[in-house]
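Descriptive structure summary
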Amino acid sequence: MLKTIGESNFSQLIDKTVPPGIRMKNALKLPAAMSEFEYLQHIKEISLQNLVFKNYIGQGYYDTVTPSVILRNVFENPGWYTQYTPYQAEISQGRLESLLNFQTMVSDLTGLPIANASLLDEATAAAEAMTMFFNHLNKHDHIDRPKFFVDREIFPQTKDVLHTRAIPIGIEIVIGDYASTKIDEKYFGAIVQYPNNKGSVEDYRSFIATVHAAGGFVAMATDLLALTLLTPPGELGADVACGSAQRFGVPLGFGGPHAAFFSTKDDFKRSIPGRIIGVSIDAEGNRALRMALQTREQHIKREKATSNICTAQALLANMASLYAVYHGAEGLTNIAKRIALLTQTTADAINELGFELVSDQYFDTITVIAKDVNAIREKAIRQQINLRYFDDNQIGISLDETTSLKDLYDIINCFTNDVDAVTFFIDEDSTLEHIPGTLTRTSPFLTHPVFSAHRSESQMMRYLKSLENKDLSLNTSMISLGSCTMKLNAASEMIPLSWSHWSRMHPFAPAEQTKGYTQILNELSDYLCEITAFDACSLQPNSGAQGEYAGLLTIRGYHASRGEHHRNVMLIPISAHGTNPASAVMAGMKVVVVKALENGYIDIDDLKAKAEQYSNELSGIMITYPSTYGVYEETVKSITDIIHGHGGQVYMDGANMNAQVGLTAPGLIGADVCHLNLHKTFSIPHGGGGPGMGPICVKSHLAPYLPGHVYSPEDGKFQHDEQQTAVSAAPYGSASILLISYAYIRMLGNDGVKLATEYAILNANYMRARLQDDFDILYLGTHGTCAHEFIVDLRPFKKSADIEAEDVAKRLIDYGFHAPTLSFPVPGTIMIEPTESEDKGELDRFCDAMLAIRKEIRQVEEGKADKKNNVLKNAPHTQFVVISDEWSRPYTRETAAFPLEYVKANKFWPSVSRVNNTHGDRNLICTCEPVSAYAEEETSR
Ligand SMILES: Cc1ncc(COP(=O)(O)O)c(C=O)c1O
């Protein structure tokens, strides 16, 4: 490989590539590598420090039964968890179908027509609803309606995140009782919880009418399982329904990952945050799914974006929708009824013991008014039970799918005098007396055949396999997505996630029970600080973009603490990822764009001029390093000096951290804060568009402004202070997947993490060297090398052969490959990032494919192939097209489907032809169509 690159030695390549001025002088201080076998023993031992109590805490997190068929075939299956976001729709139809099922499920259960395919958690989903309403009724530069009403009985963690998100953009949160508050035209909206924080099922109809009469909108945070029995929010008049789909078969995981859902009325379809899956057609006129309204994605909208959501929770949305597919409407209703009946039974028994309840209208949660909470708590702990303890001598009990009749004895026993025997009476035929008649669901849901066709394990297993087969994942071939870092997600890293000592932990369990998690999270924070050369870390943000937001808030907090509230200008290079400006706007900042030079470097003169111009208001700069063009700019230190010289702070986007680990560090190049996409550098799988984790590391002066949380895991207490700064619902975000990054660091060890960086550079340079005679490579470093990724310019082919970057991307599918990153950061290009995980054989296959495609382009350039009707324009080729009796194309079927020898050994067929993007957007359909639509489609084939 070095010979191909033209280097004789490995360290010379690295020295040429990474500028000496920023190199790390000393080796990292991380533990030595463990073997996989050693690691699995190690993590098992630590897991036993977590105590798995029975959790009746609720508060948005409920134990659940993951059907084994889903656990084994999805959660533990690289065919599902290593997928990328479904931008290449032709090789993503499986997960697109499953996500469309998710949207259908959410839309049906909430009674609202448009649903997205997941947000990060319930609290941020509520915040997205708030900002969507805010932007709908207020202009960017003029706020007419600043107020947002928050009912006091919504979950504390949701309140916490709403506060965080409201303050920077000028929203005034008013907390009160929905039943007695006065709403006027200063309010742009309101949020209520259904059932609420205390479990009470309230009728919000007249409240919603009042808010509407004042011209505002209403969001309802809600629970999908409860909605199988309750009148859906849409029928009550709500404009948005949001919440967590966790209890649909997704383990607690100490806070996540879980998919949040969000549904709304048609009026908001152009402003709904997150990704929507839509129905379109392919080049043959057949039904094909795709991400709808892709141009709404933050990459395009930059600072005009109303949300920074990029990575969401696709894998968990798939699990939740598959849970609904497996159980169907009857199954879900039965689960819900059983829980409601057990809750009613528990409530009656506790009532009989002389306790009063806060509300008589409930689904799965009751709140008991107690005098001697300590005595009850002692009995609960003795029986390994966690109840929810409110400040005011109230105790919450939330039952779930895992609760058994035996469990009821133990729960009720907590409320007895320890003398009398526990008794209760249960009548399976009794009606649910505590769900008010006026709020009892009458409308059908999940009527689409997909929710009844796969009820046996055999059928379900085959359905899952059929979906998986349509998707190209890392278990087929490399996915060389620049900036996205699709590296190996090793099996030994993943295995512990299904162990109950990690998966069944409630995020608000008392600290004494979560010592295993505490140990891992503390160690991981230390490792990340060591790797970044920073001093403190927050593991809370649930994605890279959330990390950006949290990091910018630390900068904001720092300036404010020095009386410099006016510092609100954020400089952002033109090449930045779209989430950067979007996050800055959410943090209440004004975005000023900095130009790039021809060679891709930040234009220092422009930077200086802008820093000068905004010196007084300068909050900081957001840079990506190596830049999104794949270059280590030697000038980076002067950039950070200029910003510091004007009193600004430097934010480093850590998406490219895999080109830094062990060689340099954000702290060394002069940054003050950075996020780390653990789902890139640190091996968390992409899951088809999430989960991810975006912890932030900071220098000590920013440490006081790291995200806080209403729940303090250290002492197990809720601190009800209206100035919390949480960015996620759970204190450690999607805590369970932090184990993967921990495992990555422990199994590679001190030397391995650095070698991974070096191999990533080697692999990228090898591919660059193999391709550079046939393609223009953009933006190389001073010595002609690239960092861990490089950009191939395809724009010349538009002129020479009318071939677009998209044609090349689609043709790669015929060669068995997922396209690299398309048109980011430069339109008309692809950005290739092989990562350290691929061997030479795979790199060669990809290069061979690219070189063969170059020959195909040459055929068009030389007039030997038609400009419109050629292998590239018609790509990808489905089995149906190639085997069809009719074949009138000016090239052979073999050229279409088996263009190189290696393809024959492992052919991956796209399941649809090229998908028509505009058709889908013009006719937006984002739930499963009625069966009649399928009938029409069949006949048109
Ligand atoms: C350079 C860069 N910054 C930020 C992000 C956003 O990260 P996330 O998708 O985890 O929110 C990405 C994601 O691809 C990225 O490539």
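Residues numbered from 1 in each chain as written. Predicted model: local features only at pLDDT ≥ 70, side-chain atom pairs only at ≥ 80, totals over all residues. Heavy atoms only, no water.

Remarks on the overall build of the chain
Defined as follows: The secondary structure listing takes helices from DSSP runs of H or I that are at least 4 residues long and strands from runs of E that are at least 2 residues long, numbered from the N terminus. Here the globule rule is a power law, 2.2 Å times the number of residues to the power 0.38, and the radius of gyration is based on C-alpha atoms. Each residue gets one of three labels from its accessible area relative to the maximum for its type: buried under 20%, exposed over 50%, partly exposed in between, using a 1.4 Å probe on protein chains only.
If you tally the helices and strands in the chain, you get 32 helices and 28 strands. On C-alpha atoms alone, the chain measures out to a radius of gyration of 28 Å, which is about the 30 Å that the 2.2 N^0.38 rule sets for 941 residues. In terms of overall dimensions, the chain has a C-alpha envelope of 90 × 70 × 60 Å along the principal axes. Within the chain, the fraction of its 941 residues that count as buried is 65%.

Some points on empty space enclosed by the protein
The criterion, for reference: In this analysis the probe radius is 1.4 Å and the grid spacing 1 Å, with only protein atoms considered; a cavity is a set of points the probe fits into but cannot get out of, a pocket is an open set with protein on both sides within 12 Å along at least five of seven lines, and lining residues have an atom within 4 Å of a point. Grid points are joined across faces, edges and corners, and a volume is the space filled by probe spheres set on the points. Residue classes follow a fixed rule: Ala, Val, Leu, Ile, Met, Phe, Trp, Tyr, Cys and Pro count as nonpolar, while Asp, Glu, Lys and Arg count as charged, and any other residue, Gly among them, counts as polar.
Per the counting criterion, the structure on display carries 10 cavities of 30 Å³ or more. A volume near 210 Å³ is recorded for the largest cavity. Surrounding the largest cavity, 26 residues form its lining, Q59, G60, Y62, F155 and D223 being those nearest its centre. Split by residue class, the lining of the largest cavity holds 7 nonpolar, 14 polar and 5 charged.

Here's the deal with the sheet that holds strand β28 (residues 829-832)
Where we set the bar: Strands were regarded as paired on the criterion that DSSP finds at least two bridges between them.
Strand order in the open sheet made by the 4 strands is β25-β26-β28-β27, with antiparallel pairing throughout. The open sheet has two edge strands with one neighbour each: β25 (776-778) and β27 (821-822). Here β27 runs beside β28; their pairing, made up of 2 bridges, is antiparallel. Counterpart to T821 in the pairing with β28 is M831.

Topic: helix α21 (residues 604-613)
Defined as follows: The reported arc concerns the directions from the helix axis to the C-beta atoms and nothing else. Throughout, a residue-residue contact means that at least one pair of heavy atoms, one from each residue, lies within 4.5 Å. Pairs of N or O atoms within 3.5 Å make up the polar contacts considered here, provided that, within protein, one atom can donate a hydrogen while the other can accept it, and that residues adjacent in sequence are counted only when both atoms are side-chain atoms.
Those residues of α21 that sit buried are I604, D606, L607, K610 and A611. Down the axis of α21, the sector holding all buried residues measures 155°, keeping them to one side. Residues of α21 that are exposed and point over 90 degrees away from its buried face: D605, E612 and Q613. The inward-facing, buried residues of α21 abut β17 (569-573), β18 (590-594), β19 (618-624) and α22 (636-645). Here α21 starts with a cap whose side-chain oxygen sits 3.1 Å from the backbone nitrogen of D605, and that cap is D603.

With respect to the site of the ligand
Here is the rule we go by: Residues are classed as near a molecule or strand on a simple rule: at least one heavy atom within 4 Å of it. Here, Shrake-Rupley sampling with a 1.4 Å probe gives the accessible areas, and only protein chains in the shown set may cover a residue.
In the region of the ligand, 14 residues are neighbours, and T311, S483, G544, D653 and H679 sit closest. A545 is positioned such that a nitrogen or oxygen atom in its backbone is 2.8 Å from an oxygen atom of the ligand. Relative to its unbound accessible area of 390 Å², the ligand is 97% covered by the protein chains. In terms of residues, the shell around the ligand owes the most to one element, helix α19 (residues 544-561), which gives 3 residues. Within the shell around the ligand, the residues separate by chemical class into 3 nonpolar, 8 polar and 3 charged.

Focus: the pairing of strand β8 (residues 260-264)
Consecutive side chains of a regular strand alternate in pointing toward one face of the sheet and then the other. Of all 5 residues that make up β8, 5 are buried, and the element is covered over most of its length. Burial of β8 is two-sided: the residues A260, F262 and T264 facing one way and the residues F261 and S263 facing the other way are all buried. Where strand β7 (residues 240-244) meets β8, 5 bridges bridge the pair, whose relative direction is antiparallel. Directly across from S244, in β8, lies its bridge partner A260.

What about the sheet that holds β8?
Condition: Angles run from 0 to 180 degrees between N-to-C directions of axes, and those axes are lines fitted to C-alpha atoms, restricted for helices to the stretch in contact.
Reading across from one edge, β2-β8-β7-β6-β5-β3-β4 is the order of the 7 strands in this open sheet, with mixed pairing throughout. Either end of the sheet is taken by a strand with one partner, and the two such strands are β2 (114-115) and β4 (172-176). Of the strands in this sheet, β2, β7 and β8 touch helix α6 (residues 93-110), which is tilted by about 60° from β8. Here helix α9 (residues 205-213) sits on the sheet and contacts β3 (147-151), β5 (187-194) and β6 (217-223); the angle it forms with β6, its principal contact strand, is near 150°.

Remarks on helix α4 (residues 68-75)
Those residues of α4 not exposed but buried are V69, I70, V74 and F75. One side of α4 carries all its buried residues, which in axial view fall inside an arc of 155°. Away from its buried face, by an angle of more than 90 degrees, α4 presents the exposed residues S68 and R72. Against the buried residues of α4 lie α5 (78-81), α12 (314-352) and α15 (457-469).

Looking at unusual backbone geometry
That bond from G256 to P257 is cis: its omega, 10°, falls within 30 degrees of zero. In this model, A875 is joined to P876 through a cis peptide bond whose omega is -5°. Non-glycine residue Q384 carries a positive phi angle of around 55°. Inspection of the secondary structure puts Q384 in the loop between α13 (373-382) and β13 (385-386).

Quick notes on the side chain of N196
Examined against the element boundaries, N196 turns out to sit in the loop between β5 and α9. Its relative accessible area of 7% is what places N196 among the buried residues. A distance of 2.9 Å separates a polar atom in the side chain of N196 from the backbone nitrogen of K198. In contact with N196, not counting residues within four places along its chain, are E153, E202 and Y204.

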